[in-house]
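# Residue-level structure breakdown
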Amino acid sequence: MTNNSNIDFNFLFKENFRELGINWVDDLAQNDDYFVTFMNDFQNLFPDIKVTDPYMILLKTITIIIQNDRFILRKNDVYDFFIMSYKFLIDHLIKKRVNSIPFTLSTYDNVVFEICNDLLHNYDNLPDNVKIQFPNLLVDILSIIFFKTDLTGKRISLFQLKAYYNSKKSLLISHKYSYPDRDLNSLSHIPGKHIGPSGHLLGKIDDPSGSKINYVVAKESTRRHSTYTQEDNMSMIQEMVYKIAEIVHRDPIQVKASLSTLPPKELQKLYDICNNYNKILRYGKLTGLKDFRLEIESELGRSLSDKQIRHSQISIKKVQFYIENILDGKFEPHLTHGINHVKHNFEYGYRLVGLISNSKSKNRKNDL
């Protein structure tokens, strides 16, 4: 890993990390110096953590403080922390070539997406004492992706990555493993901090061990403007944003912004495509019409006409084009008919083979 000598952690924290907009970080400390103090002396304070890369030190410092303060991230926040940190490391370790790492992003995209999917479906069911440790596990995963070792220095291969995640999560849930607690106040002589900064309210509940857990209580003004439909749409967007970004080769932030402008019916169609994307890839490899027909009809359990088979095959080959035009709002409806015939034809092809449905967003599948 990159050596952290001559690194200005104050600049790194204020200018680099904060550009990601993970605003809940402010609830962990009164000011930036609280973080920078630990980062500057990280290797002396935490000799058991085998990390020297400054960007990983930054992320690990945040997770240590999260655990020390018994701070629970909400599902959307922990999801954003993971994918934004993944992008953050790509930007600084790969694109800016801070470190020469032999790396193929697409190799890891599926694992990252599977972990995001697991978070979205299972995070809320985790015990509170596991939730406060979960950011530590996610940073371990990021360390394995970029440096082939977890933060204890244990070498983990790509083929072990998903198993590592599942195993570590199970150990946390069963209380057979926990990330070490740190007495940060005594380490750095920083006065104890029991409440969030001005303007943020912290509530507390007891965990089984008797320690206190902090929650950020959202202000009423931010809750009143959200309806069930808006929350449902946002949940759907969170579930598929990373997969859509992978398909169309765009920045997840840009994709999320585009998805946020779409009506529920359009979101549902993209959700169905994400949910069935493995099928789409498999169907796309079947170039011969005969092989394509056998595969489709075998899965559907019914026959299609030659015209329907050819229509579906063309639609599947153009799925990236279809998604891009949805995101960019290029399927403008005809003034007379009120529909866009190109878009309509694509969707007819997808419906023929069961890739998208007519179900409403509230009835969407749960196995993305």
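Residues numbered from 1 in each chain as written. Predicted model: local features only at pLDDT ≥ 70, side-chain atom pairs only at ≥ 80, totals over all residues. Heavy atoms only, no water.

## A closer look at the confidence of the model for the protein
Per-residue pLDDT for the protein has a mean of 77; in total, 74% of the residues score no lower than 70. Here helix α11 (residues 220-224) stands out as the element of the protein with the lowest mean pLDDT, 31, in contrast to helix α8 (residues 134-147), whose mean of 94 is the highest. Confidence drops under pLDDT 50 across residues 98-102; counting only partners more than four residues distant or on other chains, this segment forms 14 contacts. (pLDDT = per-residue confidence, 0-100. Helix = DSSP H or I, 4+ residues; strand = E, 2+ residues; numbered from the N terminus. Contact = heavy atoms within 4.5 Å.)

## A short note on the pattern of salt bridges
Counted by the stated rule, this structure contains 20 salt bridges. With a closest N to O distance of 3.4 Å, lysine 87 and aspartate 251 form a salt bridge. Taken together, the residues span a long stretch of sequence, with lysine 87 in helix α5 (residues 75-95) and aspartate 251 in the loop between α12 (228-248) and α13 (252-259) at a distance of 164 residues. In this structure, the salt-bridge partner of lysine 343 is glutamate 266, at a minimum N-O distance of 3.2 Å. Placement of lysine 343 in helix α19 (residues 341-352) and of glutamate 266 in helix α14 (residues 264-275) is noted, with a sequence separation of 77 residues between them. For lysine 343, a relative accessible area of 13% gives the class buried. (Salt bridge = Lys/Arg side-chain N within 4 Å of Asp/Glu carboxyl O. Buried < 20%, exposed > 50% of the residue type's maximum accessible area, 1.4 Å probe, protein only.)

## Some words on unusual backbone geometry
One non-glycine residue, histidine 175, lies in positive phi territory at about 65°. Mapping histidine 175 onto the fold places it in the loop between α9 (158-173) and α10 (184-188). Given the relative accessible area of 57%, histidine 175 is considered exposed. The backbone of histidine 249 sits at a positive phi, close to 60°, despite the residue not being glycine.

## Quick look at the nonpolar core
Residues Leu259, Leu270 and Ile323 are the most contacted members of the largest nonpolar core, which totals 105 residues. The element that contributes the greatest number of residues to this core is α5, accounting for 11 residues. (Core = buried A, V, L, I, M, F, W, Y, C linked by side-chain atoms within 4.5 Å.)

## Some thoughts on helix α16 (residues 289-300)
Across its 12 residues, α16 extends 16 Å between first and last C-alpha, which sits within 8% of the 16 Å expected from 1.5 Å per residue. Listing the buried residues of α16 in full gives Phe292, Ile296 and Glu297. Buried residues along α16 cover an arc of 115° about the axis, so they all sit on one side. Exposed and facing more than 90 degrees away from the buried side of α16 are Lys290, Leu294 and Ser298. Residues of α16 that are buried sit in contact with α15 (277-284) and α17 (306-317). With its phi angle positive at about 75°, glycine 301 sits one or two positions after the end of α16. (Expected span 1.5 Å × (residues − 1). Arc of directions from axis to C-beta.)

## With respect to the packing of aromatic side chains
The relative placement of two aromatic rings is captured by the distance of their centres and the angle of their planes. Scanning the entire structure with this criterion turns up 14 aromatic pairs. Ring geometry for tyrosine 86 and phenylalanine 146: centres 6.0 Å apart, planes at 65°, overall edge-to-face. Highlighted residues: tyrosine 86 in helix α5 and phenylalanine 146 in helix α8, separated in sequence by 60 residues. Residue classification places tyrosine 86 among the buried positions, given a relative accessible area of 1%. In this structure phenylalanine 146 comes out as buried when scored by relative accessible area, which is 1%. Ring centres of phenylalanine 331 and phenylalanine 346 lie 6.4 Å apart, and the angle between their planes is 55°; this geometry places the pair in the tilted category. Note that phenylalanine 331 is positioned in the loop between α18 (319-328) and α19 and phenylalanine 346 in helix α19, a separation of 15 residues in sequence. Comparing phenylalanine 331 with phenylalanine 346 shows no difference in burial state: the two are buried. Connected via pairs of aromatic rings, a cluster forms that spans Phe321, Tyr322, Phe331, Phe346 and Tyr350. Sitting above the plane of the tyrosine 123 ring, lysine 131 keeps its charged end 5.3 Å from the centroid. Looking at lysine 243, its charged tip hangs above the ring of phenylalanine 113, at a distance of 5.4 Å from the centre. (Phe/Tyr/Trp six-rings, centres within 6.5 Å; stacked < 30°, edge-to-face > 60°. Lys NZ or Arg CZ within 6 Å of the ring centre and 35° of its normal.)

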